[in-house]
Amino acid sequence: MLSFDGLVAVCVIYVAGLFGVAFLAEKRAAEGKGRWLSSPVTYTLSLSIYATAWTFYGAVGSAARTGLEFLTIYLGPTLVFVGWFWLLRKMVRIGRAQRITSIADMISSRYGKSGGLAALATVLMVVGATPYIALQLQSVTLSFSVFASSGALGQPDAESTATWVAAGLALFTIIFGTRSLDVNERHPGLVSAIALEAIVKLAALLAVGAYAVWGVANGPSDMLARIAASPLSEIEWNGARWLGLTMLSAAAILCLPRMFQVLVVENADERHLATASWAFPLYLLLLSLFIVPIAVIGLDLPAAGGNPDLFVLTVPLSQGKDGLALFVFLGGFSAATSMVIVAALALSTMLSNHIIVPLWIRATQGDRPRSGDMRRVALTARRLSIGAVLLLGLAYYRMSGGRDALADIGLISFLGVAQVLPALLGGILWRGATRVGAALGIGAGFAVWGWLLLLPNVAETGGVMLSIMSEGPFGIGWLNPVTPLGLQATDPLLTAMMLSLGVNVLLFILGSLFSFPSPLERLQGAQFVNIYDHSNTPSVWRGSAGTADDLLVMAQRILGSGRAGRLFQDAALGQGRDGDLPEPTAGFLEQLERELAGSVGAATAHAMVTQITGGASVSVRDLLAVADETAQIMEYSSKLEAKSAEQAQTAARLRDANAKLTQLSVQKDAFLSQISHELRTPMTSIRSFSEILMQDDGMDATARARFSQIIHDESLRLTRLLDDLLDLSVLEDGRVTLHEAEVELAQILDRAIYAAGAQEAGGKIAIRRDRGAEAVMLWTDADRLSQVFINLISNAQKYCDAETPELMISVHHRPGRIEVEFADNGLGIPALQQALIFEKFARLESAQGRPGAGLGLAISREIMSRLGGGLTYVPGGAGTRFRVRLPAKALRAA
Amino acid sequence: MPGRVLLVEDETNIMEAIGFLLSRDGWAVNGHGNGATALEAIARLAPDVLVLDMMLPGRSGLDILRDLRADPKTEHLPVLMLTAKGQIRDRDMALALGANAFLTKPFANAELVETLRSMARTANLDDVARGGGAA
């Protein structure tokens with residue numbers, strides 16, 4: 001007997017094998033080898049993801065409960081592949097010609113590349129597929145536990161099993177599904193793994209069927225007798241349900257996201273479809289061959305247990321055929337995993353292309369990054385979406401508790417995704433179908449389906465909304481989802497199907513009839529409906545504001561620089577142009593848009609190209625049909641005008657900025673030249689005198705002392721200059737930290753006068769003060785303020801040219817501020833030069849030859865502005881008069 | 001042989017250094033600290049060689065040089081220009097205006113002394129020795 005651990009080990013080995021096959025296929029494909037990768041057989045086998053764990057396990061369960069009804073699930077696709085082959089071919093042709101990435105993209109592309117419609121379809125698909133994914137996780141978990149419990153080796157934890165399976169599948173899908181951005185480049189590795197799984201599940205089902213007929217029963221005749229004797233033969237044939245289910249599964253094969261993925265997106269050659277048209281029904285036939293025998297045997301064997309959904313597994317297990325059971329287990333595992341992988345891939349493409357990337361583009365439109373980061377965003381979005389899709393499935397599985405019969409969940413999903421069928425078929429077959437109609441139909445059908453099927457299914461488990469179930473919302477009885485419109489139908493699925501699709505089709509047709517399609521919608525409609533004659537329509541280009549350059553930059557963001565470059569070069573070559581950039585002709589833009597669509601979906605690609613070119617590509621014939629063209633052109637030209645006005649504004653701003661820069665650069669040169677002069681001047685004396693002292697040929701001591709003194713003084717001057725420069729640079733950068741505290745103005749003045757070496761008595765200059773007015777408390781940086789005062793006092797000492805120099809320091813209390821004035825009795829500063837004194841290195845004519853580099857006032861003014869006040873020269877007085885202003889907020893109660 | 005030299009320089013310490021060096025080398029040295037009145041001083045003192053600072057209060061050394069070269073009396077007066085700005089452009093301008101030599105501050109004492117000697121020699125050998133420049 002196989003242990004649970006052994007079972008896990010087998011699974012791991014099997015999955016590793018799948019990884020190996022996928023890797024090998026990717027490698028072969030990259031090398032251009034491996035014809036089998038794109039053979040019709042592989043294509044047909046990949047289509048078998050239609051048969052999921054639901055079909056693998058559930059068909060037998062369905063047969064045991066409702067007889068031959070399970071056949072409808074095979075009948076629908078068979079009818080489509082045989083009878084509606086032309087429709088499939090058209091879908092594949094359109095998908096390839098327009099580089100469609102998903103079913104939502106197909107709908108959006110047809111209806112004028114509408115982003116909103118794409119998002120709606122995406123939401124519908126995700127909601128519809130989530131129960132289905134949950135179902136697969138449930139079946140894997142269930143088969144695990146059945147297998148393990150029969151071995152009596154301890155029950156595995158169902159929830160952790162489901163989690164591990166989901167994580168593994170997410171990893172696999174991310175690795176093989178998001179290697180390349182362009183979905184139309186297809187995923188050979190993934191498809192190969194799926195084709196292998198298709199073989200495994202068919203072989204497993206055939207093996208257990210053969211065992212049932214020849215191992216348990218005694219050959220076909222005994223089998224037939226057993227069937228005739230079984231309760232199955234007594235089940236009544238329900239015509240309406242047969243018809244409904246057949247239609248539903250036929251719709252599902254067209255609408256399921258994962259089916260669209262393998263059918264259209266992964267299609268390498270249209271001719272493969274011809275093979276699939278008979279090979280796929282054959283595959284389904286083989287799958288269904290032994291369903292009834294297994295069901296009958298299962299019912300006959302008491303040891304097979306009570307759940308017919310697991311007969312496929314329990315029949316061989318109960319007979320001790322462990323090897324066969326293991327094979328069956330792997331078959332079911334294959335069915336579940338291949339469905340989840342492709343569904344996650346398809347849904348993630350939709351989520352990323354139609355919801356995440358458009359939102360991202362909108363969010364970043366303001367700055368429009370031009371670097372190649374779009375690719376990374378799209379890939380990351382896709383990877384995250386894969387994780388999200390599997391998480392959703394896992395969450396649904398946990399919420400629903402895994403109670404529902406497998407087939408029921410599958411049918412709910414089928415009907416959900418079938419809501420896009422009217423818009424899809426209408427779009428392909430009817431030129432008159434419009435976006436409004438499609439949105440109304442899908443939206444309403446989705447709502448009815450959600451209300452009648454999904455809600456009860458969720459609510460049943462959640463225990464919420466029970467009153468709604470029986471009484472309807474707000475007490476409106478006929479709206480209750482169990483007996484809608486008072487219909488006492490015995491079959492909720494059929495009721496929901498008729499109501500939802502009925503409302504859907506009705507609104508789709510009415511909406512289309514009563515709305516007017518946009519030009520692009522008409523164009524796309526024509527291209528979809530007449531795909532066979534529209535392959536090479538000549539078209540004209542309206543609007544050419546976009547340049548090939550811009551387009552190339554954008555293309556690089558999405559396709560990567562290598563591929564975008566090649567695309568543009570080839571196009572340029574095709575147009576017979578030199579260089580790498582083609583003329584943005586209609587033909588080229590269409591081609592570019594299709595290439596981009598392969599990566600980000602038609603709606604987004606169209607929006608991006610339009611954003612740059614500002615126009616739309618339209619064929620000559622369709623142009624004639626476009627009635628509102630004039631309005632569009634007018635709108636376009638007004639946009640153009642706005643754009644050129646904007647450009648002129650930008651140019652003016654650029655000119656201003658350039659002028660400012662030039663001015664700044666001139667100022668900087670002048671400043672550096674000034675600094676050079678100020679540094680070199682003291683250095684000249686220092687160097688000269690030190691050389692004289694070094695030679696020292698009998699110089700007398702007085703001269704030597706004097707020269708040393710000069711060297712010393714000039715060194716100090718250099719140091720002061722450097723200090724001032726650093727100080728100024730710190731102040732101008734605003735990096736200075738102020739140490740503000742409460743301090744009395746008189747104290748600061750005392751300190752400044754002392755530091756300037758100008759004591760009130762016996763100094764070079766007589767200082768007069770008004771101590772009464774100075775007795776005021778300030779909230780300021782005392783050191784910095786005193787630095788300003790020192791500068792003003794020593795300036796007066798240096799420059800006041802009166803016989804008996806005097807400096808008057810007066811304090812004025814003004815409303816909201818305090819002013820401290822420094823006025824000397826000299827000649828003052830000439831009017832012309834008053835404007836210059838606060839400039840760096842500004843020294844007045846009269847000041848030449850006196851110490852100082854001319855930075856003091858510049859520094860003082862910076863300090864005062866940091867302290868929230870100001871420093872100004874007061875003209876009109878007799879002598880030089882400076883006013884220091886301290887702000888109101890510096891005031892504190894004296 | 002060294003003769004009379006006039007220093008037009010506003011930095012007193014630099015003036016003192018140059019004065020010391022040139023006196024020691026045998027020159028008769030005069031000094032003047034203002035650009036505005038420099039031309040008068042030159043006319044009055046009639047030096048054999050002129051040492052002229054570029055940045056002077058009142059009038060720039062380059063303007064003074066231009067006037068000297070325009071006046072037939074001082075057309076051939078050997079002039080050594082000094083500058084602390086240290087930009088190539090200043091040097092080119094000074095030489096273009098007819099300076100005989102050009103030194104950037106700070107300079108080496110020997111260089112200053114040698115330059116002046118060489119200028120004096122060239123002036124003595126040939127009156128037309130404009131552009132003789134530093135040896």
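The model shown is predicted, which means the values in this text are computed figures rather than measured ones. Starting afresh in each chain, residues are numbered from 1 along the sequence in its written order. Lettering of chains starts at A and numbering of ligands starts at 1, both following the order in which they are written. A pLDDT threshold of at least 70 governs which residues receive local features in this predicted model, and a stricter bar of 80 or more applies before side-chain atom pairs are shown or counted, although totals over entire chains, interfaces and linings include all residues. Note that water and hydrogens are dropped before the side-chain values are worked out from all heavy atoms of the structure.

**Comments concerning the overall build of chain B**
Here is step 1: Put simply, DSSP marks the helices as runs of H or I at least four residues long and the strands as runs of E at least two long, and each gets a number from the N terminus on. A tally of helices and strands in chain B yields five helices and five strands.
Here is step 2: Per-residue accessibility, obtained with a 1.4 Å probe over protein chains only, is compared with the maximum for each type, and a residue is labelled buried under 20%, exposed over 50%, and partly exposed between these values. Here chain B holds 135 residues, and 50% of them are scored as buried.
Here is step 3: Where accessible areas are quoted, they stem from the Shrake-Rupley method and a 1.4 Å probe; at the residue level, only the protein chains shown are allowed to cover. Here chain B displays about 6,000 Å² of accessible surface, and carbon together with sulfur accounts for 53% of that area.

**Things to note about the overall build of chain A**
Here is step 1: Per the secondary structure count, chain A includes 35 helices and nine strands.
Here is step 2: In chain A, which comprises 894 residues, the share counted as buried stands at 53%.
Here is step 3: Excluding contacts between residues fewer than 6 apart, the proportion of contacts in chain A whose partners are at least 24 apart in sequence is 80%. Should any heavy atoms of two residues lie within 4.5 Å, those residues are counted as being in contact.

**Focus on the interface of chain A and chain B**
Here is step 1: Across the boundary between the two partners, chain A contributes 25 residues, which contact 23 residues of chain B.
Here is step 2: On the chain A side of the interface with chain B, the three residues burying the most area are H677, R680 and T684 of chain A, jointly 23% of the side's total.
Here is step 3: The term salt bridge refers to a side-chain nitrogen of Lys or Arg lying within 4 Å of a carboxyl oxygen of Asp or Glu. For the pair chain A and chain B, the number of links is two salt bridges.
Here is step 4: Any pair of nitrogen or oxygen atoms within 3.5 Å is treated as a polar contact; in protein, a donor-acceptor pairing is required on top of that, and neighbouring residues in sequence qualify only through side-chain atoms on both sides. Where chain A meets chain B, there are ten residue pairs in polar contact (both at pLDDT 80 or more).
Here is step 5: Those elements that provide at least two residues to the side of chain A that touches chain B are helix 29 (629-695) and helix 30 (701-733) of chain A.
Here is step 6: For the side of chain A that touches chain B, the element with the highest residue contribution is helix 29 of chain A, accounting for 15 residues.
Here is step 7: Tallied by class, the residues present in the side of chain A that touches chain B amount to six nonpolar, ten polar and nine charged. Take the accessible area each of two parts loses on contact, using a 1.4 Å probe, and add the two losses: that sum is the buried area. Any residue that is not Ala, Val, Leu, Ile, Met, Phe, Trp, Tyr, Cys, Pro, Asp, Glu, Lys or Arg is counted as polar, Gly included; the first ten are nonpolar and the last four charged.

**Observations concerning the sheet that holds strand 4 (residues 766-769) of chain A**
One key point about sheets: their strands pair by backbone hydrogen bonds, in either a parallel or an antiparallel sense.
Residues and elements named next belong to chain A.
Here is step 1: Two strands form a pair only when DSSP identifies at least two bridges running between them. Spatially, the five strands line up as an open sheet ordered 4-6-7-9-8, and their pairing is mixed. Two strands lie at the open edges of the sheet, namely strand 4 and strand 8 (870-873), each paired on one side alone. Strand-to-strand twist of the sheet, defined as the mean angle between neighbouring strand axes without regard to direction, takes the value 20°.
Here is step 2: Against the sheet, helix 31 (residues 745-755) engages strand 4, strand 6 (806-814) and strand 7 (817-824), with an angle of about 180° to strand 4. Where helices are involved, their axes are fitted lines through C-alpha atoms of the stretch in contact, as for all axes, and angles between N-to-C directions lie from 0 to 180°.

**A closer look at the sheet that holds strand 3 (residues 49-53) of chain B**
Residue and element names in this part refer to chain B.
Here is step 1: Within the open sheet, the five strands sit side by side as 2-1-3-4-5. Their pairing is parallel. Across the chains shown, the open sheet's two edge strands, defined by having one partner strand only, are strand 2 (28-32) and strand 5 (101-104). The mean angle between the axes of side-by-side strands here comes to 20°, regardless of whether they run parallel or antiparallel.
Here is step 2: Note that strand 1 (residues 4-8) and strand 3 share four bridges and pair parallel. Its bridge partner lying in strand 3, V8 is registered against L52.

**Observations regarding helix 14 (residues 291-300) of chain A**
Residues and elements named next belong to chain A.
Here is step 1: Where burial is concerned, most of helix 14 is hidden: eight out of the ten residues are buried.
Here is step 2: By the burial criterion, the buried members of helix 14 are I291, V292, P293, I294, A295, V296, I297 and G298.
Here is step 3: Buried positions along helix 14 lie against helix 3 (53-66), helix 4 (71-83), helix 9 (188-216), helix 10 (219-229), helix 13 (272-288) and helix 15 (311-318).

**Regarding helix 4 of chain A**
Because each turn of an α-helix spans 3.6 residues, side chains separated by three or four positions in sequence point in the same direction.
Here is step 1: To estimate how far a helix should reach, multiply one less than its number of residues by 1.5 Å. If you check helix 4 of chain A, its first and last C-alpha atoms are 17 Å apart, about what 13 residues at 1.5 Å a residue would give, namely 18 Å.
Here is step 2: Looking at helix 4 of chain A, one finds that the buried residues are T72, I73, Y74, G76, P77, V80 and F81 of chain A.

**Quick notes on the nonpolar core**
All names here are of chain A.
Here is step 1: Within the largest apolar cluster, 165 residues are counted, with the highest numbers of intra-cluster contacts made by L47, M106, L248, L254, V312 and F414.
Here is step 2: Those residues within four positions of M106 in sequence are excluded, and the remaining contacts are M91, I94, I100, F260, L424, I428 and F528.
Here is step 3: By nonpolar core is meant a set of buried Ala, Val, Leu, Ile, Met, Phe, Trp, Tyr and Cys residues that side-chain atoms within 4.5 Å join together. By size, the runner-up hydrophobic cluster in this structure holds 49 residues, among which are L721, V736, V743 and F822.

**Section: the confidence of the model for chain A**
Residues and elements named next belong to chain A.
Here is step 1: In the predicted model, chain A carries a mean pLDDT of 78, and the fraction of residues at 70 or more is 82%.
Here is step 2: Below a pLDDT of 50 lies the segment residues 615-632, which in the model reaches 37 contacts outside its immediate sequence neighbourhood of four places, other chains included.
Here is step 3: A low-confidence stretch, residues 890-894 stays under pLDDT 50, and its non-local contacts, those more than four residues away or across chains, total 14 contacts. Looking at any residue, its pLDDT shows the predictor's confidence there, from 0 to 100.

**Looking at the pattern of salt bridges**
All names here are of chain A.
Here is step 1: Scanning all chains against the criterion turns up 30 salt bridges over all chains.
Here is step 2: In this structure, D309 and R65 form a salt bridge, with 3.0 Å as the shortest nitrogen-oxygen distance. Of this pair, D309 sits in the loop between helix 14 and helix 15 while R65 is found in helix 3, placing the two residues 244 residues apart along the sequence.
Here is step 3: Across the pair D750 and R771 runs a salt bridge whose closest N-O atoms are separated by 3.2 Å. A residue pair is termed long-range when its members are at least 10 positions apart, and D750 in helix 31 and R771 in helix 32 (residues 771-774) qualify at 21 residues.
Here is step 4: Among the residues examined, D750 registers a relative accessible area of 32% and is labelled partly exposed.
Here is step 5: Each of the salt bridges in this network shares a partner with another, and the network as a whole consists of R814, R817, E819, E821, R881 and R883.

**So, the packing of helix 9 of chain A against helix 15 of chain A**
Residue and element names in this part refer to chain A.
Here is step 1: Between helix 9 and helix 15, the least distance of the axes is 10 Å, while the angle of their chain directions is 50°. When the interaxial angle is binned, helix 9 and helix 15 end up oblique. Read as a crossing pair, helix 9 and helix 15 show a hand that is left-handed. Contacts between helix 9 and helix 15 involve L205, V208 and Y211 from the former and V312, V315 and P316 from the latter.
Here is step 2: Here the contact of helix 9 with helix 15 is composed, by residue class, of six nonpolar, no polar and no charged. Should an angle fall under 35 degrees it is called roughly parallel, over 145 degrees roughly antiparallel, and 65 to 115 degrees roughly perpendicular, with every other angle called oblique. In a left-handed crossing the near helix is turned counterclockwise from the far helix by less than a right angle, and in a right-handed crossing that turn is clockwise.

**A word on a nonpolar patch on the surface**
Here is step 1: Patch construction takes residues with relative accessible area above 30% that form no salt bridge. Like charges are linked within 9 Å, and nonpolar side chains (Val, Leu, Ile, Met, Phe, Trp, Tyr) are linked within 5 Å. Taken together, the side chains of V505, L506, I509, L510, L513 and F514 of chain A present a nonpolar region at the surface, about 600 Å² in accessible area.
Here is step 2: Here L506 of chain A lies in helix 22 (residues 492-513).

**Details of the packing of aromatic side chains**
The description of an aromatic ring pair rests on the distance of the ring centres and on the angle between the ring planes.
All names here are of chain A.
Here is step 1: In this analysis, rings of Phe, Tyr and Trp, with Trp reduced to its six-membered ring, are considered paired at centre separations within 6.5 Å, and the interplanar angle assigns stacked below 30 degrees, edge-to-face beyond 60, and tilted for intermediate values. Scanning the model with the defined rule gives 16 aromatic pairs over all chains in all.
Here is step 2: On the numbers, 6.5 Å between centres and 80° between planes, the contact of Y50 with F280 is edge-to-face. Of this pair, Y50 sits in the loop between helix 2 (40-47) and helix 3 while F280 sits in helix 13, and the two are 230 residues apart along the sequence. As far as burial versus exposure is concerned, Y50 and F280 are alike and both buried.
Here is step 3: Aromatic pair F329 and F333: ring centres 6.2 Å apart, planes at 20°, arrangement stacked. You can see F329 and its partner F333 sitting in helix 16 (residues 322-363), four residues apart, about one turn around the helix.
Here is step 4: Take F333: its relative accessible area is 7%, and that puts it in the buried class.
Here is step 5: One aromatic cluster is present, built from ring pairs that chain together Y50, F81, Y132, F280 and F414.
Here is step 6: Note that R258 overlies the ring of Y132, its terminal NZ or CZ placed 4.6 Å from the centroid.
Here is step 7: The rule is short: NZ of Lys or CZ of Arg within 6 Å of the ring centre and within 35 degrees of the ring normal puts a charge over the ring. Over the aromatic face of F838 sits the side chain of R861, whose NZ or CZ is 3.8 Å from the ring centroid.

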